[in-house]
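# Secondary and tertiary structure notes
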Amino acid sequence: MSLVGLALVAAGVVVVVLALVQLISLAAPSSFLATVILGEDGRTSTSKTFILLWTLLVAWALVTLLIAGEFAPTHACITSGPAAAAVNRCRGDEVALMQLGWTHFLHGGLAGSYLLLLGVPAAAGVAAKGITQAQAQSPTAVKTVKQSTKGGLLARIAEIFSSDDGSTDVADFQYLIFNLITAAYFVSEFLKPSGNGLPSIPDTLLGLTSVSAGLYVGKKAVTRSQPSVTGVFPSILQDGQPFTVVGTGLTVDPSAPTNALALVTIDGVPATVVREENGNLIATAPANLAVGGQPVTRQLQVLSPYGGMTSNFSVQCL
């Protein structure tokens, strides 16, 4: 690309840089960019990040075309012959091709592929915000609100593709990878102007970004409540005898390959023969619950198939 073309591209980059400079202060919740990409739970929102990414990339490209088309002197190859052959005449002249691209954009409008690139992350962001907000505000939700902003820039970036516990989330990571690949393609194609304005995005890449966005939202939509125990019957448990645990969120995980059951423990010792019945759990008490034949209070907990742990529930054992 010629020096003039590079200068125009650099002028467009200013739009992106002015916003990305704020990344340095992302750890401060009051920073501009933090308010743009932080979710209701206080973490960096994956969907909001990609809304911002595509907004800045499209804005960068359009500002570059605007500068070339409206402020740079019109190159001779554009007006020296039939308009239909202008692209062929201007081959090798990046600025002239950008000027043709600006004219093409003004008269041809925004391609449908860009409505998807801008609209799908926006739709995913709206859906994700509603789900996350409901989870963060629910008193029984597994979703937690981040209380600390420690960790700085790298920690904020890691939150884009991480679960709340800091582990890598496959759906978020897939969403990240496919959007970055599409973004890299967009930038590389734009830097090779063809006179058609914004570069065409292949359907394959559009499909990958759309499918990953759907998976991202679908994963968030599986809202799992924190399990809780509301009662244990009979009121006094005996060694080796069956008992019933009543509560919420205790039943099998229908999405698990083996329909996993919950784990019931009494003072950390697993109960046996656990099965589900009408939304409750039937288990057999472990041995050695009582001490010297006298009743003793022990703590029962349930680890649900979804990974949630109930609070301690006091039971009498004999």
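Now for a quick tour of the structure. Keep in mind the model is a prediction, meaning the values are calculated, not measured. (Residues numbered from 1 in each chain as written. Predicted model: local features only at pLDDT ≥ 70, side-chain atom pairs only at ≥ 80, totals over all residues. Heavy atoms only, no water.)

## Some points on the sheet that holds strand β3 (residues 242-248)
Across a sheet, strands are paired by hydrogen bonds formed along the backbone, either parallel or antiparallel in direction. Taken in spatial order, the four strands line up as β1-β3-β7-β6 in an open sheet, and their pairing is antiparallel. Of all the strands in the sheet, the pair left with one neighbour each is β1 (228-233) and β6 (272-277). Sheet twist, expressed as the average angle between the axes of neighbouring strands with direction ignored, equals 25°. Both β1 and β3 contribute to a ladder of five bridges, which runs antiparallel. By the bridge assignment for β3, Val232 is matched with Val245. (Pairing = 2+ DSSP bridges. Helix = DSSP H or I, 4+ residues; strand = E, 2+ residues; numbered from the N terminus. Axes fitted to C-alpha atoms, helices over the stretch in contact; angles between N-to-C directions.)

## Notes on the state of the cysteines
Enumeration over the complete set of coordinates arrives at one disulfide. Disulfide partner of Cys77: Cys90, at an S-S distance of 2.1 Å. Given an S-S torsion of about 110°, the disulfide between Cys77 and Cys90 has right-handed geometry. Of this pair, Cys77 sits in helix α4 (residues 76-79) while Cys90 is found in the loop between α5 (86-89) and α6 (94-108), placing the two residues 13 residues apart along the sequence. (Disulfide = S-S within 2.5 Å.)

## Focus on the pairing of strand β9 (residues 313-317)
Relative to β9, strand β2 (residues 236-237) runs parallel, the two being bridged by two bridges. The partner of Leu237 across the bridge, within β9, is Cys317.

## A look at the packing of helix α3 (residues 46-71) against α6
It is at 8 Å that the axes of α3 and α6 come closest, and there the two elements cross at 105°. Classified by the angle between their axes, α3 and α6 sit roughly perpendicular to one another. Where α3 abuts α6, its residues Leu62, Thr64, Leu65, Leu66, Ala68, Gly69 and Glu70 lie against Val95, Met98, Gln99, Gly101, Trp102, Phe105 and Leu106. Residues that form the contact of α3 with α6 fall into these classes: nine nonpolar, four polar and one charged. (Parallel < 35°, antiparallel > 145°, perpendicular 65-115°, else oblique. Contact = heavy atoms within 4.5 Å. Nonpolar A, V, L, I, M, F, W, Y, C, P; charged D, E, K, R; others polar.)

## Here's the deal with the sheet that holds strand β5 (residues 269-270)
Taken in spatial order, the five strands line up as β2-β9-β8-β4-β5 in an open sheet, and their pairing is mixed. The sheet terminates laterally at β2 and β5, the two strands that pair on one side only. When strand β8 (residues 296-303) meets β9, the two strands line up antiparallel, connected through five bridges. Note that in β9 the partner of Leu300 across the bridge is Phe313.

## Description of the pattern of salt bridges
Using the criterion set out here, one finds three salt bridges in the structure. In this structure, the salt-bridge partner of Lys192 is Glu189, at a minimum N-O distance of 3.3 Å. Taking relative accessible area as the criterion, Lys192 reaches 52% and is therefore assigned exposed. Classification of Glu189 as partly exposed rests on a relative accessible area of 25%. Across the pair Arg275 and Glu277 runs a salt bridge, and its minimum N-O distance is 2.8 Å. Assessed through its relative accessible area of 41%, Arg275 is described here as partly exposed. Accessibility expressed as a relative area gives 38% for Glu277, which makes it partly exposed. (Salt bridge = Lys/Arg side-chain N within 4 Å of Asp/Glu carboxyl O. Buried < 20%, exposed > 50% of the residue type's maximum accessible area, 1.4 Å probe, protein only.)

## Notes on the environment of Pro234
On the secondary structure map, Pro234 appears in the loop between β1 and β2. Spatially, the C-alpha atom of Pro234 lies 9.6 Å from that of Val315, the residues being 81 residues apart in sequence. If we skip the residues at most four places from it in the chain, Pro234 touches Pro242 and Phe243.

## Let's talk about the pairing of β8
In this structure, strand β4 (residues 263-266) lies alongside β8, joined through four bridges in antiparallel fashion. Directly across from Leu263, in β8, lies its bridge partner Leu303.

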